[in-house]
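Remarks on the overall topology
Residues per chain, in single letters:
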Amino acid sequence: MLNSKTPSGPLEKKWKNYKDHCKLVNPANKRKLEVIVIGTGLAGASAAATLAELGYKVKSFCFQDSPRRAHSIAAQGGINAAKNYQNDGDSVYRLFYDTIKGGDYRSRESNTYRLAEVSANIIDQCVAQGVPFAREYGGLLSNRSFGGVQVQRTFYAAGQTGQQLLIGAYQALERQIALGAVEMYSRHEMLDIVVIDGKARGVIVRNLITGELERHFGHAVVLCSGGYGNVFYLSTNAMGSNVTAAWKAHKRGAYFGNPCYTQIHPTCIPVTGDHQSKLTLMSESLRNDGRIWVPKNKGDNRKGNAIPEEERDYYLERRYPAFGNLVPRDVASRAAKERCDAGYGVGTSKQAVFLDFSDAIKRYGKIECSKLGNHNPTDEEVRHHGMEVVKEKYGNLFDMYEKITGENPYEVPMRIYPAVHYTMGGLWVDYELMTTVPGLYALGECNFSDHGANRLGASALMQGLADGYFVIPYTIGNYLADEIRTPPIPTSHPAFEEAEKGVTNKINSLMNIKGAQTAESFHKRLGKIMWDKCGMARNAAGLKEAIQEIRALREEFWKDLRIPGGIDEMNPELDKAQRVSDFMELGELICIDALNREESCGGHFREEYQTSEGEALRNDEKFLNVSAWQYKDGKEWELHKEELIFEEVKPTQRSYK
């Protein structure tokens with residue numbers, strides 16, 4: 001069994017005790033230590049800025065043309081924190097409990113509690129940076145609800161919370177760049193980890209403008225490279241989002257934890273055809289005020305606003321009365337799929353359900369009219385004022401929906417359907433966020449640690465900033481305190497030579513295939529296999545087929561890929577091919593992990609394991625553990641396990657009824 005290095009003592013004191021007793025590095029020695037940070041999203045930008053502020057020498061890398069283009073910018077709905085501003089019963093413990101339960105009891109208690117504990121500090125930090133959170137009339141920060149909870153704890157900035165938070169972290173990072181404490185390398189992609197004497201000591205990166213390979217030394221390497229949802233091709237992720245950095249770390253000895261835990265977001269604009277390369281998220285915050293429904297009659301082709309109230313099935317409110325439209329994402333997604341599969345879907349594809357704001361517009365309109373002293377308003381007055389409130393809360397999301405679909409969501413209900421969004425799996429890390437390779441850390445979405453089998457909405461931004469601002473500064477110091485006598489290792493070291501040679505050989509191999517098919521076409525075919533056989537629902541027969549199909553596709557990839565252009569130049573097709581080759585290997589591991597986990601939990605739904613009501617059926621006797629896979633070669637992985645011990649919360653069958 002893997003050792004998580006969880007501190008002893010009561011759950012609520014573990015993090016404090018750790019901080020009280022971890023090793024420290026004095027300021028003079030920090031100036032001698034170099035840290036490499038891969039990625040500039042919320043986890044990467046906050047980590048790089050904080051470590052540089054502490055005095056470490058930091059090198060920061062991103063493959064985008066600016067750190068501000070990291071995918072965190074696309075997050076919409078909000079960030080959780082246990083501030084209890086609404087006085088509605090929230091607390092650190094309740095945030096911890098909701099997260100554990102929402103993840104279907106498949107996350108580590110100690111990490112999850114720490115996340116809840118530092119959440120309040122994140123809001124204070126971001127307010128101090130000038131993040132323009134929404135505020136109530138009196139000036140207090142506003143909150144709204146997200147799925148899986150019965151309190152309002154989500155702080156937000158309209159429908160662009162990720163953008164505003166990233167600008168705050170980016171400003172902190174840019175300050176350190178201006179001071180010379182951070183060296184920033186944009187348009188650089190990490191293609192290998194350099195391991196010397198069993199410790200991570202550097203990286204090999206490719207300059208995406210010139211094609212040149214570069215070597216960089218670091219006393220420690222911090223990966224903040226995001227999730228791997230694009231293995232499914234169609235997802236809500238930016239098209240450039242990839243698994244390459246995490247996968248290279250995996251192939252250098254970092255175990256990959258729970259790869260089959262993929263989150264399907266219930267609130268996305270439906271697929272419209274084979275031409276699409278990306279899906280668009282409609283924030284979960286819309287479920288605060290929007291009501292989800294389908295027609296009661298199969299094959300009803302009328303527009304949503306033409307179907308009378310008595311012919312509507314508000315199926316989430318019917319099935320889960322305690323939480324209604326705010327059930328967790330995995331529950332809402334499966335419920336939508338069940339209705340569509342049963343023939344009640346809407347739109348031309350019949351693979352969609354309605355998200356309707358008409359009731360919210362009326363409710364808010366009446367409140368606003370009362371504020372104005374108009375106690376007998378006309379329907380038109382109510383609608384006008386209600387639309388203004390909805391526009392203030394969700395306006396940019398409504399505008400985005402109309403631009404993409406051509407439909408006005410103020411007039412007709414939105415059409416939504418689940419899509420791949422977030423990945424709960426990732427590199428296995430211990431309590432200190434260190435992988436199984438000493439000196440190699442993983443923060444944010446690229447680690448597995450905090451969300452179990454399903455992430456609650458508005459917790460991704462919370463985890464990224466918690467890891468970067470408040471966790472890694474302590475835990476990396478505990479490691480680097482023993483490295484102060486380690487001088488910088490020259491990049492002429494044989495380990496750097498060997499790593500760069502391996503990268504060069506792979507690039508040459510890809511370029512020399514000279515087949516007929518593009519990397520994009522292979523990616524699309526891989527995504528279809530993954531979605532059809534390892535998507536919202538999986539079964540043993542389909543997973544076995546998927547494994548064989550992926551292996552065959554990978555063999556074809558290495559025989560018939562064609563990459564135009566050259567190596568020593570800007571070549572996006574080469575970059576894409578390298579990422580797709582990693583996705584091919586990851587896709588196989590995801591299916592192997594899903595086949596091995598003979599239970600349903602959270603986002604992992606095996607059709608063979610469900611209750612009589614169609615809910616996920618866990619097997620705590622056999623699978624109350626983390627699956628951590630060790631890479632052996634191109635076709636083999638060895639399974640290691642971390643036992644999950646629940647001292648504070650006892651696993652039970654989840655119920656949101």
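Sequence order as written defines the numbering, with residues in each chain counted from 1. Predicted model: local features are reported for residues with pLDDT of at least 70 only, side-chain atom pairs are reported and counted for 80 or more only, and whole-chain, interface and lining totals are derived from all residues. Based on all heavy atoms of the structure, the side-chain values leave hydrogens and waters out of the count.

**Notes on unusual backbone geometry**
Excluding glycine, a negative phi dihedral is what most residues carry, and trans is how most peptide bonds are arranged. You will see that Lys 5, though not glycine, has its phi angle at about 60 degrees, which is positive. Relative to the assigned elements, Lys 5 resides in the segment before α1 (14-21). With a phi angle near 55 degrees, Asp 104 is a residue other than glycine that sits in the positive phi range. Per the convention used, a helix needs a DSSP run of H or I reaching at least four residues, while a strand needs a run of E reaching at least two, with both numbered from the N terminus. Among the secondary structure elements, Asp 104 is positioned in the loop between α4 (92-102) and α5 (109-129).

**Notes on the pattern of salt bridges**
When a carboxyl oxygen of Asp or Glu lies within 4 Å of a side-chain nitrogen of Lys or Arg, that pair is called a salt bridge. Using the criterion set out here, one finds 62 salt bridges in the structure. Here Arg 319 and Glu 338 are joined by a salt bridge, their closest N and O atoms 3.9 Å apart. Here Arg 319, found in helix α9 (residues 315-319), pairs with Glu 338, found in helix α10 (residues 329-344); they are 19 residues apart in sequence, far enough to count as distant. The salt bridge involving Lys 528 is made with Asp 532; its shortest N-O contact spans 2.9 Å. With Lys 528 and Asp 532 both in helix α15 (residues 519-534) and 4 residues apart, the pair spans about one turn of that helix. Residues joined by salt bridges that share partners form a network here, namely Asp 104, Arg 106, Asp 330, Arg 334, Arg 597, Glu 599, Arg 618, Asp 620 and Arg 654.

**Section: the sheet that holds strand β7 (residues 199-207)**
In a beta sheet, neighbouring strands are held together by backbone hydrogen bonds and run either parallel or antiparallel to one another. Reading across from one edge, β6-β7-β8 is the order of the 3 strands in this open sheet, with antiparallel pairing throughout. At either margin of the open sheet sits one strand with a lone partner, and together these are β6 (188-196) and β8 (213-217). This sheet shows a mean twist of 25 degrees between the axes of neighbouring strands, independent of strand direction. Examined bridge by bridge, β7 and β8 share 5 bridges and lie antiparallel to one another. Following the sheet pairing, Val 203 is matched in β8 by His 216. What makes two strands pair is DSSP finding at least two bridges between them. As a rule, the C-alpha atoms of each element are fitted with a line to give its axis, helices using only the stretch in contact, and angles between N-to-C directions run from 0 to 180 degrees.

**Considerations on the packing of helix α6 (residues 161-178) against helix α13 (residues 460-480)**
Remark: α6 packs on α13, axes separated minimally by 11 Å, with the N-to-C direction vectors making an angle of 10 degrees. By the criterion of interaxial angle, the relationship of α6 to α13 is roughly parallel. Mapping the contact onto sequence places Thr 161, Gly 162, Leu 165, Gly 168 and Ala 169 in α6 and Leu 461, Leu 465 and Tyr 469 in α13. Orientation categories follow fixed angle ranges, with anything under 35 degrees roughly parallel, anything over 145 roughly antiparallel, 65 to 115 roughly perpendicular, and all other angles oblique. Contacts between residues were defined by any pair of non-hydrogen atoms, one from each residue, lying within 4.5 Å.

**Here we look at the domain arrangement of the protein**
The start and end points of each domain follow an automatic or database-based domain assignment. Assigned domains of the protein: these are domain 1 (267-419) and domain 2 (502-619). The C-alpha-based centres of domain 1 and domain 2 are spaced at 33 Å. Taken together, the two surfaces of domain 1 and domain 2 that pack against each other cover about 770 Å², and 56% of this comes from carbon and sulfur. Accessible area that two parts lose when put together, evaluated with a 1.4 Å probe and summed over both, is termed the buried area. Per-residue buried area on domain 1 facing domain 2 is highest for Asp 330, Arg 334 and Lys 337; these three make up 52% of the total on that side. Here domain 1 and domain 2 share 1 salt bridge between them. Throughout this description, a polar contact denotes any pair of N or O atoms lying within 3.5 Å of each other; where both atoms belong to protein, one of them has to be capable of donating a hydrogen while the other can accept it, and for residues adjacent in sequence the pair is counted only when both atoms sit in side chains. Remark: the boundary between domain 1 and domain 2 carries 4 residue pairs in polar contact (both at pLDDT 80 or more).

**As for the packing of helix α14 (residues 494-511) against helix α17 (residues 572-596)**
Relative orientation of the contacting elements α14 and α17 amounts to 105 degrees, with a least axis distance of 11 Å. By the angle between their directions, the pair α14 and α17 is classed as roughly perpendicular. Contact with α14, carried on its side by Lys 506, Ile 507, Leu 510 and Met 511, involves Leu 574, Gln 578, Ser 581 and Asp 582 of α17 and no other residues of that element. Here the contact of α14 with α17 is composed, by residue class, of 4 nonpolar, 2 polar and 2 charged. All amino acids are sorted into three groups, where Ala, Val, Leu, Ile, Met, Phe, Trp, Tyr, Cys and Pro are nonpolar, Asp, Glu, Lys and Arg are charged, and the leftover types, Gly among them, are polar.

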